[in-house]
Amino acid sequence: GIQVEQSPPDLILQEGANSTLRCNFSDSVNNLQWFHQNPWGQLINLFYIPSGTKQNGRLSATTVATERYSLLYISSSQTTDSGVYFCAVEGSDYGNNRLAFGKGNQVVVIP
Amino acid sequence: DTGVSQNPRHKITKRGQNVTFRCDPISEHNRLYWYRQTLGQGPEFLTYFQNEAQLEKSRLLSDRFSAERPKGSFSTLEIQRTEQGDSAMYLCASSLVGRLFFGEGSRLTVL
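The present account deals with the structure reproduced in this document.

Reading guide: rules and limits
- Residues numbered from 1 in each chain as written.
- Chains lettered and ligands numbered in written order.
- Predicted model: local features only at pLDDT ≥ 70, side-chain atom pairs only at ≥ 80, totals over all residues.
- Heavy atoms only, no water.
- Helix = DSSP H or I, 4+ residues; strand = E, 2+ residues; numbered from the N terminus.
- Rg over C-alpha atoms; globule rule 2.2 N^0.38 Å.
- Contact = heavy atoms within 4.5 Å.
- Areas by Shrake-Rupley, 256 points an atom, 1.4 Å probe, with all protein chains shown as cover.
- Disulfide = S-S within 2.5 Å.
- Buried < 20%, exposed > 50% of the residue type's maximum accessible area, 1.4 Å probe, protein only.
- Buried area = accessible area lost by both parts, 1.4 Å probe.
- Salt bridge = Lys/Arg side-chain N within 4 Å of Asp/Glu carboxyl O.
- Polar contact = N/O pair within 3.5 Å; in protein donor to acceptor, adjacent residues only side chain to side chain.
- Nonpolar A, V, L, I, M, F, W, Y, C, P; charged D, E, K, R; others polar.
- 1 Å grid on protein atoms, 1.4 Å probe; cavity = no way out; pocket = protein on both sides within 12 Å on 5 of 7 lines; lining within 4 Å.
- Points joined across faces, edges and corners; volume = space filled by probe spheres on them.

Observations regarding the overall build of chain B
For chain B, the count of helices and strands is zero helices and 11 strands. Its C-alpha atoms give chain B a radius of gyration of 13 Å, within 12% of the compact-globule value 13 Å for 111 residues. Taking the principal axes of the C-alpha coordinates as reference, chain B spans close to 40 × 25 × 20 Å. In chain B, 52% of the contacts between residues at least 6 apart in sequence involve partners at least 24 apart. Total accessible area computed for chain B in this model is approximately 5700 Å², and 45% of it derives from carbon and sulfur atoms.

Spelled out as structure tokens, the structure:
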């Protein structure tokens with residue numbers, strides 16, 4: 001099946017700093033989504049971004065499908081940004097929105 | 001709030017007992033998914049429903065696991081004869097097309 005690798009695995013940020021999280025995937029995809037898992041375990045959908053660039057407040061994401069990677073940018077980080085960020089992809093040979101998740105980027109924002 | 005609802009949120013059981021989890025998806029969503037997440041890992045796909053039809057099952061879903069979605073509304077995931085290795089967070093998600101929306105999860109601890 002499709003492989004998803006996220007880097008860096010762990011990141012500590014000072015409040016106000018910017019950061020970039022990377023997701024590499026091993027095959028062509030129909031669907032790519034970024035999620036934030038908060039400390040209580042809830043997964044929040046941040047972006048549905050199989051290609052192109054989107055922005056939502058201080059967060060933005062870019063997917064370059066032809067080069068098989070996606071980036072999530074966090075600007076002016078806040079302590080509420082802490083948690084685990086997951087990239088999830090649907091391989092083009094799967095369908096049905098069956099997503100394969102990476103292991104996540106653990107982000108800690110310190111005040 | 002009309003998000004995805006799961007219950008119970010926490011379940012502690014003894015090995016060998018049966019447990020059942022319930023998921024109520026977002027009302028207009030026809031697709032429903034179950035995922036399992038263990039500590040330090042991303043969610044892993046278990047099964048997928050479109051309306052009441054179970055269209056896909058992962059090999060992770062052994063014969064002790066059964067999922068239903070009667071009438072295409074809520075879904076249940078039952079685990080029979082639980083084992084310690086079943087301890088995990090069980091996540092339900094729903095979608096109409098594209099973006100997945102997750103519930104808060106049901107955490108299972110098997111003693």
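Things to note about the state of the cysteines
Under the counting rule described, the total for this entry stands at two disulfides over all chains. Across the disulfide, Cys23 of chain A is cross-linked to Cys87 of chain A (sulfur-sulfur distance 2.0 Å). The chirality of the disulfide connecting Cys23 of chain A with Cys87 of chain A is left-handed, given an S-S dihedral of about -60°. Of this pair, Cys23 of chain A sits in strand E3 (residues 19-25) while Cys87 of chain A sits in strand E9 (residues 83-91), placing them 64 residues apart in sequence. Cys23 of chain A gets classed as buried once you look at its relative accessible area, which sits at 0%. The disulfide bridge from Cys23 of chain B ends at Cys92 of chain B, spanning 1.8 Å between sulfur atoms. Judged by the torsion about the S-S bond (-65°), the Cys23 of chain B/Cys92 of chain B disulfide is left-handed. Residue Cys23 of chain B is found in strand E3 (residues 19-24), and its partner Cys92 of chain B is found in strand E9 (residues 88-95); the two are separated by 69 residues along the sequence. Accessibility classification places Cys23 of chain B together with Cys92 of chain B in one group, the buried group.

Re the interface of chain B and chain A
Counting from both sides, the interface comprises 20 residues of chain B and, opposite them, 18 residues of chain A. Looking at the side of chain B facing chain A, the largest losses of area belong to Glu56, Arg99 and Phe102 of chain B, adding up to 28% of the total buried there. On inspection of chain B and its partner chain A, the count reaches one salt bridge. One salt bridge in this structure joins Arg98 of chain A and Glu56 of chain B, with 2.5 Å as the shortest N-O distance. The interface formed by chain B and chain A contains eight residue pairs in polar contact (both at pLDDT 80 or more). Listing elements by their share of the side of chain B that touches chain A, those giving two or more residues are strand E4 (31-37), strand E5 (44-50) and E9 of chain B. Among the elements that make up the side of chain B that touches chain A, the one with the highest residue count is E4 of chain B (four residues). Of the residues assigned to the side of chain B that touches chain A, the class counts are eight nonpolar, seven polar and five charged.

Remarks on the layout of surface pockets
Its boundaries defined by the atoms lining it, the largest pocket holds a volume of some 620 Å³. The wall of the largest pocket is formed by 20 residues, among which Ile2, Gln3, Ala100 and Phe101 of chain A together with Glu44 of chain B lie closest to the centre. Of all the secondary structure elements, the ones that give two or more residues to the lining of the largest pocket are strand E1 (4-7) and strand E10 (100-101) of chain A together with E5 of chain B. Taken together, the residues of the lining of the largest pocket sort by class into nine nonpolar, six polar and five charged. In this structure, the second largest pocket is lined by 24 residues; those nearest its centre are Gln37 of chain A together with Gln37, Thr38, Leu39 and Gly40 of chain B. Mapped onto the lining of the second largest pocket, the elements with two or more residues apiece are E9 and strand E11 (105-110) of chain A together with E9 and strand E11 (106-110) of chain B.

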